[in-house]
Amino acid sequence: MKLSKRVNQLEASVTLAASARAKALQAQGRDILMLTIGEPDFTTPEHIANAAKAAIDSGKASFYTQASGLPELKDAVGTYFESHYGYGLTQDEVVVTAGAKFALYAFFASILDAGDEVIIPTPYWVSYADQIKMLGGVPVFAVGTQEAAFKVTVQQLDALKTPRTRVLILNSPSNPTGMIYTAEELEAIGNWAVANDVLILADDIYGRLVYNGNHFTPISTLSDEIRKQTLIINGVSKTYAMTGWRIGFAVGDPEIIAAMSKIVSQTTSNPSAVAQYAAIEALTGDQAPIEAMRVEFEQRLNAIYPLVNEIPGFEAIKPQGAFYLFPKVRGAMVKKGFTDVTDFCNDILEETGVAVVTGAGFGANENLRLSYATDLATLVEAVNRLKAYMAK
Ligand code: PMP
Ligand code: GLU
């Protein structure tokens, strides 16, 4: 079969692939500990599920909604922004999408022409680079090292800027590193973007999942100029334990939002109506269950982080948000005779049943990712197996 050049240059998402491989082994009866996928292990809070049931029972979830999302949901996003960003929104500043992942795609499709460049700080979430390539854009990587807490500086961005640079991606708290940029760092980066007319794609999806007194500053709150230059991606997947519902949204300049809405109208149409009604309740209803989940993630992080650093050859810096650990494992690889981190992760899976994600898909060839969005007993058992594996 002749497939398109477009699809042939594409990798399947390594996070989803790693989790599918682990699930397949589980189905064969293998004892697998899943530290792959970034999704809360909690079920959706009851009041949100009840709102969905009510929307079905009343019949209102039976129908198409506006392609760009229910007006009531756009208002709910506005209410959410008033509480968490300190500014309100008009409906033409919001588009609702089938997951934040599709908001990203619609954004890149709205902005990029062939050859346009997007600066991506590394390590980066797996889908950014492939979505950009799919659309004919060019990912340009700004290398964030573990020694620099995986953060990039204005000097680095400046060195990478060309006349084709259209977008800078900022994902803070970061998947996979859990690092958060400070307000000062963001201000410098935001002012650089304004001065160079580079759009900022702020992927704020982990903004509510921050721990141990760390604070998330949305870059769009730093000045009016920076806000105008920023398109925000967010959604209910991570914060509200709603990964399966597939509701994301984008907030920004009405011209970009209208362009993205056009793409939505010609591709997915509206995201599932029932999920949109659930999302309204998520954003505007009782937030107590959300805080309970955050506290649980924080406790797991504090318990598991020191243990991961006890594994010989694993060196992690303590994440401030999201729900991933991203240790450098160069020492462990050398000890086990591996030069390629993906081969190393496959060996770990084979030998121990611990399923992790290779850093290679995140642009980091000496790291691997462990998701701690799973129960503490599983995490502790995984660390024990990794210690035993390294001792062999
Ligand atoms: N951005 C980041 C950084 C993510 O980790 C995810 C997780 N899938 C997404 C966006 C997309 O989230 P979703 O499509 O589930 O809303
Ligand atoms: N964002 C999550 C992760 O990184 C979900 C999987 C995906 O969409 O890539 O594991």
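Note that the structure is a prediction, hence the values are computed from the model and not measured.

Conventions used here
- Residues numbered from 1 in each chain as written.
- Chains lettered and ligands numbered in written order.
- Predicted model: local features only at pLDDT ≥ 70, side-chain atom pairs only at ≥ 80, totals over all residues.
- Heavy atoms only, no water.
- Pairing = 2+ DSSP bridges.
- Helix = DSSP H or I, 4+ residues; strand = E, 2+ residues; numbered from the N terminus.
- Axes fitted to C-alpha atoms, helices over the stretch in contact; angles between N-to-C directions.
- Contact = heavy atoms within 4.5 Å.
- Near = heavy atom within 4 Å.
- Polar contact = N/O pair within 3.5 Å; in protein donor to acceptor, adjacent residues only side chain to side chain.
- Areas by Shrake-Rupley, 256 points an atom, 1.4 Å probe, with all protein chains shown as cover.
- Nonpolar A, V, L, I, M, F, W, Y, C, P; charged D, E, K, R; others polar.
- Patch = residues over 30% accessible without salt bridge, like charges linked within 9 Å, V, L, I, M, F, W, Y side chains within 5 Å.
- Salt bridge = Lys/Arg side-chain N within 4 Å of Asp/Glu carboxyl O.
- Buried < 20%, exposed > 50% of the residue type's maximum accessible area, 1.4 Å probe, protein only.

**Topic: the sheet that holds strand β6 (residues 199-203)**
Read across the open sheet, the seven strands follow the order β2-β8-β7-β6-β5-β3-β4; overall the sheet is mixed. Edge positions in the sheet fall to β2 (94-98) and β4 (138-142), since each of these pairs with one other strand and no more. Across this sheet, the average inter-strand angle for adjacent strands is 25°, counted without regard to direction. Set on the sheet, helix α5 (residues 99-111) makes contact with β2, β3 (117-121), β5 (165-170), β6, β7 (230-235) and β8 (247-251); between it and β2 the angle comes to about 120°. With respect to the sheet, helix α10 (residues 254-266) is in contact with β2, β6, β7 and β8, its orientation differing from that of β2 by roughly 30°.

**Structural notes on the site of ligand 1**
Looking at ligand 1, there are 13 residues lining it, with Ala100, Asp203, Tyr206, Lys238 and Arg246 nearest. Within the backbone of Ala100, one N or O atom sits 2.7 Å away from an oxygen atom of ligand 1. Contact between ligand 1 and Tyr206: an oxygen atom at 2.7 Å from a side-chain N or O atom of the residue. Protein coverage of the free-state accessible area of ligand 1, which is 390 Å², stands at 94%. In terms of residue class, the shell around ligand 1 is built from five nonpolar, four polar and four charged.

**Observations concerning a nonpolar patch on the surface**
A contiguous nonpolar patch, built from Met1, Leu3 and Val7 and spanning about 360 Å² of accessible area, is present on the exposed surface. Counting through the fold element by element, Leu3 comes out in the segment before α1 (5-8).

**Considerations on the pattern of salt bridges**
Counted by the stated rule, this structure contains 16 salt bridges. Through salt bridges that share partners, Glu147, Lys328, Arg330 and Glu366 make up one connected network.

**Section: the pairing of strand β12 (residues 368-371)**
Here β12 shows two buried faces, one formed by Leu368 and Leu370 and the other by Arg369 and Ser371. Relative to β12, strand β9 (residues 324-325) runs antiparallel, the two sharing two bridges. Across the sheet, residue Tyr324 finds its bridge partner in β12, namely Ser371.

**Details of the sheet that holds strand β11 (residues 357-358)**
Strand order in the open sheet formed by three strands is β9-β12-β11, with antiparallel pairing between adjacent strands. Strands at the two margins of the open sheet, each flanked by one partner only, are β9 and β11.

**Here we look at the site of ligand 2**
Around ligand 2, the surrounding shell consists of Ser13, Thr15, Leu16, Ile37, Gly38, Lys101, Trp125, Asn175, Lys238, Tyr324 and Arg369. Take Lys101: an N or O atom from its side chain is 3.0 Å from an oxygen atom of ligand 2. Coverage of ligand 2 by the protein chains reaches 89% of its 280 Å² of free accessible surface. The residue makeup of the shell around ligand 2, split by class, is four nonpolar, four polar and three charged.

So yeah, pure geometry; function would need other evidence.
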